[in-house]
Amino acid sequence: MTVLVEHFTSDSRIEEKKMKDERDDELLWDGGLVVPKSKEADGFDAPDINFLGHSFRDYENGASERQKGVEEFYRMQHIHQTYDFVKEMRKEYGKLNKMDMSIWECCELLNNVVDDSDPDLDEPQIQHLLQSAEAIRRDYPNEDWLHLTALIHDLGKVLLLPEFGGLPQWAVVGDTFPVGCAFDSANIHHKVAKENGTTLPHAGLFIIRYHSFYPLHKAGTYTHLMSEEDKEDLKWLHVFNKYDLYSKSKVQVDVEQVKPYYISLINKYFPAKLKW
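Let us look at the structure shown here. Everything numeric in this text was worked out from a predicted model, so none of it was measured.

## A look at the pattern of salt bridges
- Summed over the entire model, instances satisfying the criterion amount to 10 salt bridges.
- Measuring nitrogen to oxygen at the nearest pair gives 3.0 Å for the salt bridge that ties Arg 75 to Glu 72. Taken as a pair, Arg 75 and Glu 72 lie in helix 2 (residues 67-80) at a separation of three residues, close to a single helical turn.
- Taking relative accessible area as the criterion, Glu 72 reaches 37% and is therefore assigned partly exposed.
- Between Asp 100 and Lys 275 there is a salt bridge, and its shortest N-O distance comes to 3.7 Å.

Here is the structure:
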């Protein structure tokens, strides 16, 4: 997935994670948000290695059985994801004429998708969505919009399926990077929700669009393209990121058990049927 650069705004570098006061009620700066220390200590514990026994997002590990395929994916992506290609895809898929269906129906379609660009995951995507959403739900129980954002953040991967055009993997998945500007070395291997009338907050839409933009939210590049609203939304993206990246597990979520809760959130923030 790419970001089409059409205008520029100035900005400073991303502020690094930092510690606050050393008191009994000590607060931590967690991805740009001040949260109680107990939340950091008792909340989601990010593992050091993935289920394959390798570091997360390790794109240089020759011992990984998935590495060769992942490297070839990014080679093809960086060759073919051009400015003109992105404009063409926006025009085609902006029509929203592929299908009418609910959010949950789209989630179920992801049972047929495995992301070739991901060195940490070879499970169907619906499990990744639910693992991310459930982990956030435990740590941020009052932010229901964030639970739903986690559930739907990767729904764009249905574009890989024949009924949505059967696009190649390099055109749909993988890290996000801007086109129409210089290619930064931080890149790996050197508006559907809005148009359907969702009531998710702007930060949720920002997360959905930019959660794979690792050069921005990890390496701090391309910040000169950000607006003031982007910088505020980036705080929530930092919170979201660890649940997206580190919740990938072989321990599967019971879909039928959690389905009623997420159906209630979908009904709260989306119409019954969306145009895709």
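## Regarding unusual backbone geometry
- Here Leu 96, not a glycine, exhibits a phi torsion of approximately 50°, which is positive.
- Along the polypeptide, Leu 96 turns up in the loop between helix 3 (83-93) and strand 4 (100-101).
- Judged by its relative accessible area of 13%, Leu 96 falls in the buried class.
- Its identity is not glycine, yet Tyr 222 carries a phi of approximately 65°, on the positive side.
- Relative to the helices and strands, Tyr 222 resides in the loop between helix 9 (214-217) and helix 10 (228-246).

## Focus on the packing of aromatic side chains
- All chains considered together, the criterion is met by eight aromatic pairs.
- Between Phe 206 and Tyr 210, the aromatic rings sit 4.8 Å apart at their centres with planes inclined by 55°, giving tilted as the arrangement. You can see Phe 206 and its partner Tyr 210 sitting in helix 8 (residues 202-210), four residues apart, about one turn around the helix.
- Among the aromatic residues, those joined into a cluster by ring pairs are Tyr 140, Trp 145, Trp 236 and Tyr 243.

Parameters at a glance
Residues numbered from 1 in each chain as written. Predicted model: local features only at pLDDT ≥ 70, side-chain atom pairs only at ≥ 80, totals over all residues. Heavy atoms only, no water. Salt bridge = Lys/Arg side-chain N within 4 Å of Asp/Glu carboxyl O. Helix = DSSP H or I, 4+ residues; strand = E, 2+ residues; numbered from the N terminus. Buried < 20%, exposed > 50% of the residue type's maximum accessible area, 1.4 Å probe, protein only. Phe/Tyr/Trp six-rings, centres within 6.5 Å; stacked < 30°, edge-to-face > 60°.

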